[in-house]
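An overview of the molecular structure
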Amino acid sequence: MGEQATHQRIALVTGANKGIGRAAAEQLAERGMTVLIGARDPRRGAEAAAALRAAGGDAHAVTLDVTDQVTVREAARRIGAGFGHLDVLINNAGITGSGQVSPEDAYDQVPGSVDLDMVRRVFETNVFGVIAVTNAMLPLLRRSPAPRIVNVSSHAASLSLTSDPDGPFRALLPSAAYTPSKSALSALTVQYANELRKDGILVNAAAPGYVDTDSNNHTGHLTPAQGAAVVVRLATLGADGPTAGFFSEDGPVPW
Ligand code: NAP
């Protein structure tokens, strides 16, 4: 029997206790992967993992606050000890910085009057947290025959789309926090992809669309399952799949 036949595929999703991350975890479990539910609150993580197991999936909670190096290191240690490798990393955990607000309420992110501490908090989670988790998990990903990294970004990250005054995002309010944090995530995606291409590690960014979750006070029109579809597709790419790309369910998104 070859290694592929016995290889237990392991996926870690950060911020998987709710929203898009949770839906991605559900879909990966349906595909037979062992899913590690990254959650900063152990109780919420355990509840999500238990619900997934009740639905027939193989899921385990992993305490992981992407802004807390102690939990990041401990999560990597536990995954290494328990499974020895990681096949998929989905960097999904993210905050808007404005609390649970609809886009119209995001005025507190306007560049000319933004609170710099809020910008720092958003970058700490949405950008620096991705570097922290990715680097902690890279040794485990390198032990996978087909490692995949997916960074959950947003259409708002697109400089091409958001700089067009007549474009589809002309109604998006100017933001110095969430939107630039996702553009930085795009840049990071390309840089990691360039570093890891030679090792067969595919790294892509996903734009889930406008999804009904707590992060936008449930104003989104897509279900979390619909938003997670592109994330899962990029997490399960074949060896000939793209890297350094940015995709929505409708296809490539301009940078
Ligand atoms: P959500 O329901 O608010 O879920 C966000 C998740 O991230 C929660 O599990 C949250 O944990 C977790 N999280 C936040 N800070 C964290 C930290 N420091 N460490 C670990 N986990 C942390 O929001 P969502 O809409 O599903 O968002 C998921 C991703 O999709 C985000 O990156 C977001 O920017 C992106 N996105 C969403 C939309 C949309 O329309 N919803 C559109 C484009 C992109 P707690 O439960 O503990 O808070």
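Our structure's up above, just so we're on the same page.
Before going into details, it helps to say that this report is about the structure given with it.

Conventions used here
- Residues numbered from 1 in each chain as written.
- Predicted model: local features only at pLDDT ≥ 70, side-chain atom pairs only at ≥ 80, totals over all residues.
- Heavy atoms only, no water.
- Helix = DSSP H or I, 4+ residues; strand = E, 2+ residues; numbered from the N terminus.
- Expected span 1.5 Å × (residues − 1).
- Buried < 20%, exposed > 50% of the residue type's maximum accessible area, 1.4 Å probe, protein only.
- Contact = heavy atoms within 4.5 Å.
- Near = heavy atom within 4 Å.
- Polar contact = N/O pair within 3.5 Å; in protein donor to acceptor, adjacent residues only side chain to side chain.
- Areas by Shrake-Rupley, 256 points an atom, 1.4 Å probe, with all protein chains shown as cover.
- Pairing = 2+ DSSP bridges.
- Salt bridge = Lys/Arg side-chain N within 4 Å of Asp/Glu carboxyl O.

1. Quick look at helix 7 (residues 178–196)
- Between its terminal C-alpha atoms helix 7 stretches 27 Å, which fits the 27 Å expected from 19 residues at 1.5 Å a residue.
- Within the sequence span of helix 7, burial applies to T179, S181, K182, S183, L185, S186, L188, T189, Y192, A193 and L196.
- At its buried positions, helix 7 is contacted by helix 5 (116–141), strand 5 (148–152), helix 6 (159–162), strand 6 (202–206) and strand 7 (245–248).

2. Looking at the site of the ligand
- Around the ligand lies a shell of 29 residues, among which R40, N92, Y178, V211 and T213 are the nearest.
- Taking Y178, its side chain carries an N or O atom lying 2.7 Å from an oxygen atom of the ligand.
- In the environment of the ligand, an oxygen atom lies 3.3 Å from a nitrogen or oxygen atom belonging to the side chain of N216.
- Isolated, the ligand exposes 900 Å² of accessible area, and the fraction of that covered by the protein chains is 93%.
- Of all the elements in the fold, those that place two or more residues in the shell around the ligand are helix 2 (19–30) and helix 7.

3. Quick notes on the sheet that holds strand 6
- The sheet built from 8 strands is open, its strands ordered 3-2-1-4-5-6-7-8 with mixed pairing. Looking along the sheet, the strands with just one partner apiece sit at the ends: strand 3 (58–63) and strand 8 (251–252).

4. Considering the pattern of salt bridges
- Scanning all chains against the criterion turns up 9 salt bridges.
- Across the pair R142 and D199 runs a salt bridge whose closest N-O atoms are separated by 2.8 Å. Here the residue R142 occupies a position in the loop between helix 5 and strand 5, and D199 occupies one in the loop between helix 7 and strand 6, the gap between them amounting to 57 residues.
- Here K198 ties to D199 by a salt bridge, and the two come within 3.6 Å at their closest N and O atoms.

5. Here we look at unusual backbone geometry
- Although it is not a glycine, H218 adopts a positive phi angle of roughly 60 degrees.
- By the secondary structure assignment, H218 is in the loop between strand 6 and helix 8 (224–235).
- Note on H218: relative accessible area 45%, which makes it partly exposed.
- In this model, A244 sits at a positive phi of 60 degrees, which is unusual for a non-glycine residue.

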